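# Understanding the architecture of this molecule
Listed below are the residues making up each chain.
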Amino acid sequence: MPSSEVAPLRIYCVCGQKMKVSEDMFGRPGKCVACRLKIRIPTPDEIPPNTDVIHLKDHPELLRKVKRGVKRDEPKHKEEIEVAPLPDIDPKAKVRKALGPLDVLEPLRLVHNLSDKVEKQLAAVKGSKDGKDLDEIARKDPKVSELLGIRTRIHAAEQDLEEELRQRLMETAIELAATQEKIAELNLAVRVGELTYAEYRTQVDRLRRRRDNQERRQSNLRGWLTVDDVHRAGGMTEVSFDQIPKGSFRITFANELDENSTLLDGHVENLRGALAARAQAERKVSEAKKLQKPSSNGAAADVVAEAKAQHERTLAQVQYARERLEQLADDYSNDVQAIEAQLDHTRGRLQAGQIKRDEFLQVEESLLRAKSDLTKARALVVRALNANTSDEVPRPRGTFVARLAHGKPGLRAPMDAWIAWAGAALVLAALFLPIAGSQNVLQLARADAGPSGMWFLVFPIGVALIAAAASFIPNVPVRGLGYCGLWLLACLMSTAYLHETAYSDSPASVALRSGAPLLLRPGIMVYALGLLGIAVAGVMTLAVTRDGRIILPLTAVATIAGIGAVVTDLGGMRVAKPDLRVDMRVLTEEQPPVHEATVTVANTGGREMLLASNSTLANAFALHVEKRIGKNSGVDVSAPISIRVGQSQVPAGAVAVSRLPVLPGQSAQMVYRLPEGEYRATLRGSGSAAPLEESFTLEPLTEPEPVAAAAPNEPEAPAPVAAAERPRSALMEALSAEVTLRGILGAANRPAQFSITVTLADGATSDRTYGIGDEVFTRWTIREFNPDEQTITLGRGSRIVILRRGEPQKLDTGLN
């Protein structure tokens, strides 16, 4: 066909680029000047008559697939040489520089790093062999042959990725064209009165957000297809040849507009962030160039190249953000025109009598307010477009911004907000579930009017309210940071409160210490699930942001470390550590002399210690001073005559020994006056730790006999006949005990056990269980049991005593 008969042809690529085809390009392979998409220019015979424009999205047969296995150095025929149609530029239209990639695609970065690594290794091999051909070297060196095979696999993976990117680009372009067509249809429908302005805003906001996300995807895909080195792909990183991709690639798009924010907020914030990133990249390029010297090695050149690539990405981000704001300004202008058309249509309906005057005034007021809001929003967009630094970018504020975002069904709450709300609801529901027996938090707070009970009620409510409020933060990283901060604070505070209940005597703490383990109680389980929901919301929010790679691991580490520190009392630093010591002396100034024993309990830990006989507190210890009355039995001695805690002397009887606080670094000293015998001081904690024990013996005291002075020159008088020793009734009475048989425990094939109470003269009692042959008191042992009469026989030498149930009997020490 003569060239004069061929109409001028223009081709629209799937990326939207318009190209002009010259006569010598027909029938030859080509590629898009913007996205580098491989195409085939049709021959004149393939062009339908009267056709001067071809859209590639309607003619997929004109798309070429990448050929594999073709060597780069192999000569090509003229028909196989690719041509690039000239871009068809409207002289009246704005000329924009082609955008590079906005974001980093990890598969593309991996492939380019692998390619860079293998090319460097092959270049090193070729340099060591004086520039010989690699194929010739590979015949002799298997390692070089293996490297050539790896390079072939990497090139194949690179071609597969490129083909996948082109396919996604074509799909995105088709979707974008469909979205733009729907927006145009809606704009026409609202102008002719087929839709109300409220219905129009409901639908067009959703479509515009979809359009802008598709525009960002298209810009990224076009930029990724232009990447030709490792620095523009995202920078150098350590890779292994085992990471060569196999199979299909997963293309992910990040930093898309959040559904919970308006287009005005999103694009203005994107421009602010892009300008700040551009300034930082410019500083980095300037510093990198200072490091590069003529004698510097390749590492400095790589640093400069990577800084320039990052600067190029920031320039693309700034340009893209400004283009989106320009589009948003056009959208607002179209909306203003739609409102004016709606007003004209509504006035016509009023004149035709289809609506009443009041209804018209109401519609007119709402439309005029929307027009005013759009005018203010467009003015703010213009100010943002004129900004050259991040500080000059205005912040969307004012009631008109809230009205633009209010009542937009296209803006659904994000999934993380729903999860946060569900977590807050579970936290509130835990208040009504049993947490201590059959009591819930509300009942515990009612029973405990102190700070402990009120905190237990107020804190969960505060957590739920803060979680619900954080879900309304429009900025995604800030919202995720709020979730993570709330999770960390709630976990640490809740763990600390529950842990401290083991050291508190408040009614709520006492109730929590009894019953099943805390984590198995319904209220605690639901509360923990609520906090877990807040944590999941934080993970979902930050997982799509760059800051999440740092914030999420730090939050996890801080939570684990904080809970571990609380549960372990800072590694044992905040626990009460008792130390038991017994000092003895004889008071010779007393008549008769007596033994005095001082029992010292020192607190060497970091928490207050409580000396209490009957307490379930974790820092409570029970002190028992017993006199041995058998091999494995004893009776408590009387109360101490004086008590000293630290430097304070406590008068006897002023404070009960059964509850005595000892601060860290202090010691409590109890002074006892005891008769001779074997004694044992035991300090036993409320936990499972082994008790501290100190045994001591008080020897019998002998009074010196007075020696009378003999008269001079008098014969020594004969010694009188020794009179019978008078019984020491008072001493014997003090050393005697009263025993009572309380009960008899018997079972088949088991020896009987006897519950016996031993009461000393000072009132101290001991309830123990004995068997046949056990010593009850000072060599008084159980000799036999009469099951018929339910009595037992105690014997000491030739003396016996019959014990009947409930009848006390006196036992002496056998000294009389």
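Just so it is clear, the structure is predicted and the values come from calculations on it, not from any experiment. (Residues numbered from 1 in each chain as written. Predicted model: local features only at pLDDT ≥ 70, side-chain atom pairs only at ≥ 80, totals over all residues. Heavy atoms only, no water.)

## Describing the overall build of the protein
Counting its regular elements, the protein contains 17 helices and 25 strands. A burial count over the protein gives 40% of its 816 residues as buried. Residue pairs at least 24 apart in sequence account for 67% of intrachain contacts in the protein once pairs closer than 6 positions are excluded. Summed over all atoms, the accessible surface of the protein reaches about 45400 Å², with 54% contributed by carbon and sulfur. (Helix = DSSP H or I, 4+ residues; strand = E, 2+ residues; numbered from the N terminus. Buried < 20%, exposed > 50% of the residue type's maximum accessible area, 1.4 Å probe, protein only. Contact = heavy atoms within 4.5 Å. Areas by Shrake-Rupley, 256 points an atom, 1.4 Å probe, with all protein chains shown as cover.)

## What to know about the packing of helix H14 (residues 522-542) against helix H15 (residues 548-567)
Viewed as axis vectors pointing N to C, H14 and H15 meet at an angle of 160 degrees, and their least axial separation amounts to 9 Å. As summarised for this structure, H14 and H15 are arranged roughly antiparallel, according to the angle between their axes. As for how H14 packs across H15, the hand of that crossing is left-handed. Contacts between H14 and H15 involve Gly538, Val539 and Leu542 from the former and Gly548, Ile551 and Leu552 from the latter. (Axes fitted to C-alpha atoms, helices over the stretch in contact; angles between N-to-C directions. Parallel < 35°, antiparallel > 145°, perpendicular 65-115°, else oblique. Left-handed = near helix turned anticlockwise from the far one by under 90°.)

## Thoughts on the packing of aromatic side chains
This structure, assessed with the given rule, holds six aromatic pairs. Geometrically, the ring pair formed by Tyr197 and Tyr200 is tilted, given 6.0 Å between the ring centres and 40 degrees between the ring planes. Of the two residues, Tyr197 and Tyr200 are both situated in helix H4 (residues 197-225); the distance of three residues between them amounts to about one turn of the helix. According to the relative accessible area criterion, Tyr200 is buried, its value standing at 0%. Within the aromatic cluster, the residues linked to one another by ring pairs are Trp418, Trp421 and Phe472. Here the guanidinium or amino end of Lys117 rests over the ring plane of Phe241, the centre of that ring lying 4.8 Å away. In this structure, Arg607 packs its charged tip against the face of Tyr503, placed 3.7 Å from the ring centre. (Phe/Tyr/Trp six-rings, centres within 6.5 Å; stacked < 30°, edge-to-face > 60°. Lys NZ or Arg CZ within 6 Å of the ring centre and 35° of its normal.)

## Some remarks on the pattern of salt bridges
Counting across every chain of the model gives 31 salt bridges. Residue Lys120 pairs with Asp116 through a salt bridge whose shortest N-O separation is 3.2 Å. Placement of both Lys120 and Asp116 in helix H1 (residues 106-128) is noted, with a separation of four residues, approximately one turn of the helix. You can call Lys120 partly exposed: its relative accessible area is 42%. (Salt bridge = Lys/Arg side-chain N within 4 Å of Asp/Glu carboxyl O.)

## Digging into the sheet that holds strand S23 (residues 791-796)
Read from one edge of the open sheet, four strands run S21-S22-S23-S24, paired in antiparallel fashion. The two strands at the open ends of the sheet, each matched to only one other strand, are strand S21 (775-777) and strand S24 (799-804). Put simply, the sheet's adjacent strands are angled 40 degrees from each other on average, direction ignored. Sheet topology note: the S21/strand S22 (residues 780-786) ladder contains two bridges and is antiparallel. Its bridge partner being in S22, Glu775 is matched across the sheet by Thr781. (Pairing = 2+ DSSP bridges.)

## Focus: the packing of helix H12 (residues 476-500) against H14
At their nearest, the axes of H12 and H14 sit 8 Å apart, and the two run at 155 degrees to each other. In terms of orientation, H12 lies roughly antiparallel with respect to H14. For H12 against H14, the interelement crossing comes out left-handed.

## Here we look at the environment of Glu699
Along the chain, Glu699 falls in the loop between strand S17 (692-698) and helix H17 (729-735). In sequence terms Glu699 and Gly677 are 22 residues apart; their C-alpha atoms lie 6.5 Å from each other. When sequence neighbours within four positions are dropped, the list of residues in contact with Glu699 reads His595 and Glu676.

## A look at the side chain of Arg232
Tracing the backbone shows Arg232 in the loop between H4 and helix H5 (263-291). The exposure class assigned to Arg232 is buried, which follows from its relative accessible area of 16%. Among all residues touching Arg232, those that are not within four sequence positions of it are Gly100, Pro101, Thr226, Val227, Ala309, Glu312 and Arg313.

## With respect to the side chain of Arg211
With respect to the helices and strands, the residue Arg211 is situated in helix H4. Within the structure, Arg211 has its side chain in polar contact with the side chain of Asp331 (distance 2.7 Å). Sequence-distant contacts of Arg211, that is, excluding residues within four places in its chain, are made with Leu176, Thr179, Gln180, Ile183, Arg324, Gln327 and Asp331. (Polar contact = N/O pair within 3.5 Å; in protein donor to acceptor, adjacent residues only side chain to side chain.)

## As for a nonpolar patch on the surface
A grouping of Met415, Trp418, Leu426, Leu529, Leu532, Val536 and Met540 is seen on the molecular surface, where their side chains present a nonpolar patch of about 660 Å² in accessible area. Those elements giving two or more residues to the nonpolar patch turn out to be helix H9 (415-429) and H14. Sorting elements by how many residues they give to the nonpolar patch places H14 first, with four residues. Here Leu529 is to be found in helix H14. (Patch = residues over 30% accessible without salt bridge, like charges linked within 9 Å, V, L, I, M, F, W, Y side chains within 5 Å.)

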